[in-house]
Amino acid sequence: MRNPWAQTGNYRTDYRQDTAIFATYLEMLSLWAFLAVLLALPLFLSRPQMFVLDLILVYALAVLGLNITTGYAGLINIGQAAFVGVGAYTAALLAPSLPFWLTVPIGGLAAAVAGGIVGIPSLRIKHLYLAIATLAFQIIFEWTVGHSTILKQGGAIPLPRVEFWDYRVGYKNHYYFWYYVILLVVVVLAFAFRNLLRTRFGRALVAVRDNDRAADAMGMHPGLTKIFAFALGGFYAGVAGALYAYLSRAVVIEDYMLPVSIKFLAMAIVGGLGSLVGSFLGPAFLVLLDLNMEDLANWLKSLGLSYAGVDIASAMRPLTFGLVIVLFLIFEPRGLANGWRLVRNFFRNWPFKY
Amino acid sequence: MSYFLQLLVSGLVVGSIYALAALGFVLIYKASRVINFAHGQFIAVGAFAVYALAVYLQLNVWLSFGIALFFTALIAYIVEKLFLKPLVGQPIISVIMVTIGLASLLDGLIHLTPFGGGNFSLPRFLPEGGVSFFGVSVSYPQLLAVLLTALFLAGFGWFFQRSTLGAAMRAVADDQMAAMSLGVSVEHVFALAWAAAGITAAAAGFIVGTVSGINLESLVAIGLKVFPAVILGGLDSIPGAVVGGIIVGVLENLATGYLDPLVPGGGTAEVFPFVILLLVLWFKPHGLFGTEEIERV
């Protein structure tokens, strides 16, 4: 008989059971428990810790978007930071006149439009060329922002503090308030991400990635599917950007430049391309690494390892990002999500061995 | 008119740098279908190697150039053996990601040397002044840049047409399976393509050093400008890389000359090549000389 708490065998008899998200009640329960922990977490964390948590969740959103374009659809995107930037600048320009629950989705839509435009060449060309198109978009974005007076030429554009009904968000509760907003958005968008593969649009993405000629023959339009992938990935990035703008209360071009795009790619790879859990593990891993890197650089400095003309701190960041990308690709291309998969499979059958 | 000619000449100089850089890029792409995002870092390695040898060790500039060529080729060779060989047969995404990671890694390593920030200029080894043709003055470093590029292109042309190794590399680029079955070591050719790319990168870096100062950011930026050049010329065409590089260099200089006054803040040269890139991708995706891929199921 089927045991609803442990997966003791394959009892799937129809298609619906095969696409079910939760194999056992235990998994559903652990997800609810995890969400409860996330909701309660702010009670135990200090203000700086909250900021780190917020940061991880915002990055996770951008990486979710990247996992749609690069993970599901197989299109390398070296311009994710620019899409995040489109969302952030849209939110910054609209913030004085509109409430935040409008500017955030509008920021996402603006980035989605940008994604669609960048994806236009995919009507004619294949993935290698598309990677270069995203790079061009990244550079054109940086230049345009740097030369627009309305965007302060890349300098800081401040965002006002927000008011929600009668609740004023000030210095003390800023990170706590945004934590819940971001958490809500993350849960909704992660849910959408997980369910994307159960819709025909999501399946079309994977089909086009695996063999676009076969997908074409099956009646999908590879070009439009790729544009859709770019637009959807852009939407996630734009929402992340708008939230990041509110979170940091200022928009500066440095947060949306090429090295940041590479950071997002590193996060996606470390987490595991195309994996929902990986989209959270990757950013968490790299953000925590980033924080410890400053300590590491200071420690190296205190050892007297730094010499004149060399700034170890500025060397550590690209060095570790590069190393992490390369090592993960060579030794664990499936990323941290693979470790998670092993753990999960263990508990699926627990207490049985198999 | 003379303003136009002056822009054209300095564009040719910049274009010849791009042409050399693009040549190395296309060599790697043709041999192994790898898009190398770390090319700018190789250019930087070459340029700083020349500088370190010529300034710190007080070697003759030409001698240090020769050593730097060898050194950069060696680094590119090792990089291929260490990082790209384990990924042969993996999906193309992983391979491209590795070069992105590599770019970041090399960036960090360069930051560990004194060359991470600031400007450096090679010791002056050419006479002051220059020559002038038809009212356009060309300085000796600029002249050297164009001549050196021509020399390298001729050298590589000879290498690919006449030498056994060059023929083997062309064979691999044409059909890996056929080349393998005829006894060509594909592994060896991949590594050699990277070494050759390292040589052209070092040459490009040296030329940048003679024409202007070197700093990490601008050298890495050249690695990015390679993309408009190769897309314009066609990703898999060596003559295309050269022509594309020169066209991009000239257009960039014309943009500086004619568009900068119209744009507040100027600096159109940084972005103009990428606008061209997008236009080419939209309207003529395989570039001027690239082979159009015809797919059959």
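The structure presented is a predicted model; accordingly, all values stated were derived computationally and were not measured. (Residues numbered from 1 in each chain as written. Chains lettered and ligands numbered in written order. Predicted model: local features only at pLDDT ≥ 70, side-chain atom pairs only at ≥ 80, totals over all residues.)

### A closer look at the overall build of chain A
Along the backbone of chain A there are 14 helices and four strands. Relative to the 2.2 N^0.38 estimate, which gives 20 Å for 354 residues, the radius of gyration of chain A is 21 Å and therefore close to what a compact globule would have. Expressed as a percentage of the 354 residues in chain A, the buried residues total 45%. A separation threshold of at least 6 residues defines the contact pool for chain A, and within that pool the share at least 24 residues apart is 75%. (Helix = DSSP H or I, 4+ residues; strand = E, 2+ residues; numbered from the N terminus. Rg over C-alpha atoms; globule rule 2.2 N^0.38 Å. Buried ≥ 20, exposed ≤ 12 C-beta atoms within 10 Å, placed from the backbone. Contact = placed C-beta atoms within 7 Å.)

### What to know about the overall build of chain B
Counting its secondary structure elements, chain B contains 11 helices and two strands. Along its sequence from the N terminus, chain B presents helices and strands in the succession α-α-α-α-β-β-α-α-α-α-α-α-α. Taken over C-alpha atoms, the radius of gyration comes to 19 Å for chain B, in line with the 19 Å a tight globule of 297 residues would show. Counting over 297 residues, chain B shows a buried share of 54%.

### Focus: the nonpolar core
Within the largest apolar cluster, 218 residues are counted, with the highest numbers of intra-cluster contacts made by A:Val58, A:Leu61, A:Ala62, A:Leu243, B:Ala21, B:Ala22 and B:Ala193. Apart from residues no more than four positions distant in its own chain, A:Leu243 is found in contact with A:Val58, A:Val104, A:Ile182 and A:Val185. (Core = buried A, V, L, I, M, F, W, Y, C linked by C-beta atoms within 7 Å.)

### Points about the pairing of strand β2 (residues 136–139) of chain B
All names here are of chain B. Bridge count between strand β1 (residues 130–133) and β2: four bridges; the pairing is antiparallel. Bridged to glycine 130 within β2 is serine 139. Counted between consecutive antiparallel strands, the loop separating β1 from β2 contains two residues, among which phenylalanine 134 sits at a positive phi close to 45 degrees. (Pairing = 2+ DSSP bridges.)

### Observations concerning unusual backbone geometry
Peptide bonds are mostly trans, and most non-glycine residues show a negative phi. Residues and elements named next belong to chain B. One non-glycine residue with positive phi stands out, namely arginine 33, at about 60 degrees. Classification of arginine 33 by C-beta neighbours within 10 Å gives partly exposed; the count is 15. Even without glycine at this site, glutamine 58 takes up a positive phi of about 60 degrees. Inspection of the secondary structure puts glutamine 58 in the loop between α2 (39–56) and α3 (61–84). Given 9 C-beta atoms within 10 Å, glutamine 58 falls into the exposed group.

### Here we look at the interface of chain A and chain B
Taken together, the 39 residues of chain A in the interface contact 39 residues of chain B. Going through the elements one at a time, α6 (127–146), α9 (212–217), α11 (258–271) and α13 (312–331) of chain A are the ones with two or more residues in the side of chain A that touches chain B. Broken down by element, the side of chain A that touches chain B gets its largest block of residues, 12 residues, from α13(A).

### A few points about the confidence of the model for chain A
Atomic detail in the predicted coordinates should be set aside for any region of low pLDDT. Overall, the predicted model of chain A reaches an average pLDDT of 85, with 94% of residues at or above 70. In the model of chain A, strand β3 (residues 167–168) of chain A stands out as the element of lowest mean pLDDT, 72, in contrast to helix α4 (residues 80–94) of chain A, which has the highest, 94. (pLDDT = per-residue confidence, 0-100.)

### A look at the environment of A:Arg47
The residue A:Arg47 is located in helix α3 (residues 47–72) in this model. C-alpha of A:Arg47 to C-alpha of A:Asn77: the two residues are 30 residues apart in sequence and 34 Å apart in space.

### Section: helix α8 (residues 186–211) of chain B
With 26 residues, α8(B) extends 37 Å from end C-alpha to end C-alpha; this agrees with the ideal 38 Å at 1.5 Å per step. Of all 26 residues in α8(B), 22 are buried, a share of seventy percent or more. (Expected span 1.5 Å × (residues − 1).)

### What to know about the packing of α3(B) against α8(B)
Residue and element names in this part refer to chain B. Where α3 meets α8, the axes come as close as 7 Å, and the angle between the chain directions of the two elements is 140 degrees. The angle between α3 and α8 falls in the class oblique. Note that α3 runs across α8; the crossing there is right-handed. For the pair α3 and α8, contact is made by Phe65, Ala68, Leu69, Thr72, Ala73, Ile75, Ala76, Tyr77, Val79, Glu80 and Lys81 and by Phe190, Ala191, Trp194, Ala195, Ala197, Gly198, Ile199, Ala201, Ala202, Ala203 and Phe206, respectively. Broken down by class, the residue content of the contact of α3 with α8 amounts to 18 nonpolar, two polar and two charged. (Axes fitted to C-alpha atoms, helices over the stretch in contact; angles between N-to-C directions. Parallel < 35°, antiparallel > 145°, perpendicular 65-115°, else oblique. Left-handed = near helix turned anticlockwise from the far one by under 90°. Nonpolar A, V, L, I, M, F, W, Y, C, P; charged D, E, K, R; others polar.)

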